[in-house]
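So you can see what is in the structure, the chains are spelled out below.
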Amino acid sequence: AEDCTGIRCYEVIHGLPHAPDYCPHSQSCVDCQEHTVEVHEERMGGYFLVSTTPIFDENQDMVGTVHVARDITQQKNAEEQLRFQSSVWENMYEAVIAVDDSFTITAWNHAATGLYGWDQAEAIGRNLWQLLHRGSDEQHVRDMIEGLDRDGYTSCNLEHKDRYGRLLNVDVRM
């Protein structure tokens with residue numbers, strides 16, 4: 001490792017002749033406060049959470065900062081993946097409904113709203129079977145749950161009802 005003594009971090013890390021505008025050290029030098037910033041640094045190959053904490057001498061004069069950089073590249077990549085998945089979810093043309101183990105609706109996309117008439121706020125938290133199914137589907141529902149328990153997935157054709165009581169013939173896959 002090279003000795004970086006006396007070299008400014010903006011020269012080594014950023015390859016710049018001066019501190020970047022977002023530099024938390026520069027901000028700490030101005031107001032003697034802690035500062036934190038997220039930085040994408042191409043030269044380091046990732047995203048970093050950089051913080052500076054002022055150091056004071058016995059006269060309470062600031063004499064420097066403790067500079068900490070934490071690699072948050074994996075977190076930022078995971079956030080981007082979630083944003084992408086959310087966009088796919090919301091822009092699908094097929095109704096997609098997620099439920100928990102007790103069939104309480106936990107997610108409801110725009111296509112489900114278009115098909116069934118209930119918006120997300122109205123559907124999430126309600127029981128799927130009570131919201132969409134007719135009583136005559138009870139055997140189909142039991143068969144689906146049995147197949148899901150046995151095989152980990154299931155599919156069938158059911159009659160659902162929409163918000164207005166109209167019957168919809170839908171393919172269900174879980």
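Residues numbered from 1 in each chain as written. Predicted model: local features only at pLDDT ≥ 70, side-chain atom pairs only at ≥ 80, totals over all residues. Heavy atoms only, no water.

J.: Would you mind going over the side chain of Thr 154 with me for this structure?
T.: The residue Thr 154 is located in the loop between helix 7 (138-151) and strand 6 (155-161) in this model. Exposure remark for Thr 154: the relative accessible area of 12% places this residue in the buried category. Not counting residues within four places of it along the chain, the set of residues in contact with Thr 154 comprises Met 144, Gly 147, Leu 148, Val 172, Arg 173 and Met 174. (Helix = DSSP H or I, 4+ residues; strand = E, 2+ residues; numbered from the N terminus. Buried < 20%, exposed > 50% of the residue type's maximum accessible area, 1.4 Å probe, protein only. Contact = heavy atoms within 4.5 Å.)

J.: Please explain the layout of surface pockets as it appears in this structure.
T.: A probe as big as a water molecule, rolled over the atoms, marks out the empty space that is left. Counted as a void, the largest pocket has a volume near 470 Å³. In terms of lining residues, the largest pocket is bounded by 17 residues, among which Ala 95, Val 96, Asp 171, Val 172 and Arg 173 are the most central. Counting residues per element, the ones that place at least two in the lining of the largest pocket are strand 4 (97-99), helix 4 (110-116), helix 6 (128-132) and strand 7 (167-173). Tallied by class, residues from the lining of the largest pocket come to 12 nonpolar, 2 polar and 3 charged. The computed volume of the second largest pocket comes to approximately 240 Å³. What lines the second largest pocket is a set of 16 residues, and nearest its centre among them are Ile 13, His 14, Val 50, His 67 and Ala 69. Elements supplying a minimum of two residues to the lining of the second largest pocket: helix 1 (9-12), strand 1 (35-41), strand 2 (46-56) and strand 3 (62-71). Broken down by element, the lining of the second largest pocket gets its largest block of residues, 3 residues, from strand 3. (1 Å grid on protein atoms, 1.4 Å probe; cavity = no way out; pocket = protein on both sides within 12 Å on 5 of 7 lines; lining within 4 Å. Points joined across faces, edges and corners; volume = space filled by probe spheres on them. Nonpolar A, V, L, I, M, F, W, Y, C, P; charged D, E, K, R; others polar.)

J.: For this particular structure, what's the right way to read the pattern of salt bridges?
T.: Counted under the stated rule, the structure contains 7 salt bridges. A salt bridge links Arg 150 to Glu 146; the nearest nitrogen and oxygen atoms lie 3.6 Å apart. With a gap of 4 residues between them, Arg 150 and Glu 146 both fall in helix 7, about one helical turn apart. For Arg 150, a relative accessible area of 56% translates into the label exposed. With a shortest N-O distance of 2.7 Å, Arg 166 and Asp 162 are connected by a salt bridge. Residue Arg 166 is classed as exposed on the basis of its relative accessible area of 51%. When salt bridges that share partners are traced, they join Glu 38, Lys 76 and Glu 79 into one network. (Salt bridge = Lys/Arg side-chain N within 4 Å of Asp/Glu carboxyl O.)

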